[in-house]
Amino acid sequence: MFGYVVVNKPELKIREFETYRSYYCGLCKTLQKTYGISGRMALSYDMTFLVMLLTGLYEPEEEKKTCRCLLHPTQQISVCQNEMTEYAADMTVLLARQKCLDDWSDERKLTGGIGAGLLRKSYEKAALRHPQKAQAVERCMKQTREAEARGETNADVLAGISGEMMAELFVCTEDEWQEELRQMGYHLGKFIYWIDAYDDLEQDLKSGCFNPFQNICREEWFEEWISDVLMMTAASCANAFEKLPILKHLEILRNIIYSGIWTRFASGAKRRNGNERSI
């Protein structure tokens, strides 16, 4: 469910990628400062995108600095932080713990159970800051678990739940841009669910875990169908984005929306087609 909203690095200028990385590192530093090591472990590219999107829209005052990192001890890294970084850090924790609980509930993944325990206090802290967001995440994750438990095979229903959750998180404040942000988050959330289900399809079929595509994935029209669905969903997300008055970091954001989010699908399609030919 995480790691799909990424940049297409080869299509970025070096300066643009350095800017992107400074926000990624800024989110990492904020997570560590606010929530400790467990919070830092929840770092995701998806929430880095949210930081840059909200920064581009609202252009808050920023703090830029260089510092050392445990992962890169021999070099200085650039860090960019602002109030949107703090908001995204809170949303990161809310999503991460619920994802861990979901992993433990569905597949009894040990990492999910351990992660949920490590993030419990952090989650409570973030939920106190944003009770409405926490309730939305909990409600949507519960609805997803219930739908999967009853064997819901209408993937649009499940994707819609993911979309509703992301729509809520994209709206950091209720103002004149909330509808566009909500629409953008809704369609991006649906896209992420589709991609995640597609990416997990082979593994789920082998393990017997639920996947909304399990009954249709062997149809000859499946690959073209999922590609069309993703294309329409991504187009709706992009349409909402283009209505926002964003100039700052515009090229980076467009790189992610129009290209980056497709990288995992491309690799998954290539892998699946290769496996199908070998059968």
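An account of the accompanying structure is given in this report. Quick caveat: nothing in here was measured; it's all calculated off a predicted structure.

### A few points about the overall build of the protein chain
- What the protein chain contains, in helices and strands, is 11 helices and two strands.
- Each helix and strand of the protein chain, placed in order from N terminus to C terminus, yields the pattern α-α-β-β-α-α-α-α-α-α-α-α-α.
- Computed over C-alpha atoms, the radius of gyration of the protein chain comes to 19 Å, within 12% of the 19 Å expected from 2.2 N^0.38 for 279 residues, which places it in the range of a compact globule.
- Dimensions of the protein chain along its principal axes, counting C-alpha atoms only, are 55 × 45 × 40 Å.

### A closer look at the pairing of strand S2 (residues 72-81)
- Two elements, strand S1 (residues 63-69) and S2, share six bridges in a ladder whose sense is antiparallel. Of the residues in S2, the one forming a bridge with Cys69 is His72.
- In sequence, S1 turns back onto S2 through a hairpin of two residues.

### Examining the nonpolar core
- Among the nonpolar cores identified, the biggest contains 78 residues, and Phe49, Leu53, Phe170, Met184 and Phe213 are the most heavily contacted of them.
- Those residues in contact with Phe49 that sit more than four places away from it in its chain are Val5, Phe170, Met184, Leu188, Leu253, Ile256 and Ile257.

### Some remarks on the environment of Cys217
- Here Cys217 is to be found in the loop between helix H8 (178-207) and helix H9 (222-242).
- Taking relative accessible area as the criterion, Cys217 reaches 5% and is therefore assigned buried.
- Once the C-alpha coordinates of Cys217 and Lys65 are considered, the two residues, 152 residues apart in sequence, prove to be 49 Å apart.

### Remarks on a nonpolar patch on the surface
- Nonpolar side chains collect at one region of the surface, where Ile37, Met41, Ile114 and Leu118 lie side by side and expose about 430 Å² of accessible area between them.
- Structurally, Met41 can be placed in the loop between helix H1 (14-40) and helix H2 (45-58).
- Overall, the relative accessible area of 62% leaves Met41 in the exposed class.

### Focus: H1
- Given a rise of 1.5 Å per residue, 27 residues ought to cover 39 Å, yet the end C-alpha atoms of H1 are separated by just 26 Å, more than 12% below that figure.
- For H1, the principal kink sits at Thr34 and spans about 115 degrees.

### Some words on the environment of Tyr45
- For Tyr45, the location among the structural elements is in helix H2.
- For Tyr45, a relative accessible area of 37% gives the class partly exposed.
- As for Tyr45 and Tyr24, which are separated by 21 residues in sequence, their C-alpha atoms are 7.2 Å apart.

### Overview of the packing of H1 against H2
- Taken N-terminus to C-terminus, the directions of H1 and H2 make an angle of 110 degrees; their axes are 9 Å apart at the nearest point. Comparing the axis directions of H1 and H2 gives the class roughly perpendicular. H1 and H2 meet at a crossing whose hand is right-handed. When H1 is examined against H2, the residues Thr19, Tyr20, Tyr23, Tyr24 and Leu27 are found in contact with a partner set consisting of Tyr45, Met47, Thr48, Val51, Met52 and Thr55.
- For the contact of H1 with H2, the residue count by class is eight nonpolar, three polar and no charged.

About the thresholds
- Residues numbered from 1 in each chain as written.
- Predicted model: local features only at pLDDT ≥ 70, side-chain atom pairs only at ≥ 80, totals over all residues.
- Heavy atoms only, no water.
- Helix = DSSP H or I, 4+ residues; strand = E, 2+ residues; numbered from the N terminus.
- Rg over C-alpha atoms; globule rule 2.2 N^0.38 Å.
- Pairing = 2+ DSSP bridges.
- Core = buried A, V, L, I, M, F, W, Y, C linked by side-chain atoms within 4.5 Å.
- Buried < 20%, exposed > 50% of the residue type's maximum accessible area, 1.4 Å probe, protein only.
- Contact = heavy atoms within 4.5 Å.
- Patch = residues over 30% accessible without salt bridge, like charges linked within 9 Å, V, L, I, M, F, W, Y side chains within 5 Å.
- Areas by Shrake-Rupley, 256 points an atom, 1.4 Å probe, with all protein chains shown as cover.
- Salt bridge = Lys/Arg side-chain N within 4 Å of Asp/Glu carboxyl O.
- Expected span 1.5 Å × (residues − 1).
- Bend = angle between axes of the 7 residues up to and from the residue.
- Axes fitted to C-alpha atoms, helices over the stretch in contact; angles between N-to-C directions.
- Parallel < 35°, antiparallel > 145°, perpendicular 65-115°, else oblique.
- Left-handed = near helix turned anticlockwise from the far one by under 90°.
- Nonpolar A, V, L, I, M, F, W, Y, C, P; charged D, E, K, R; others polar.

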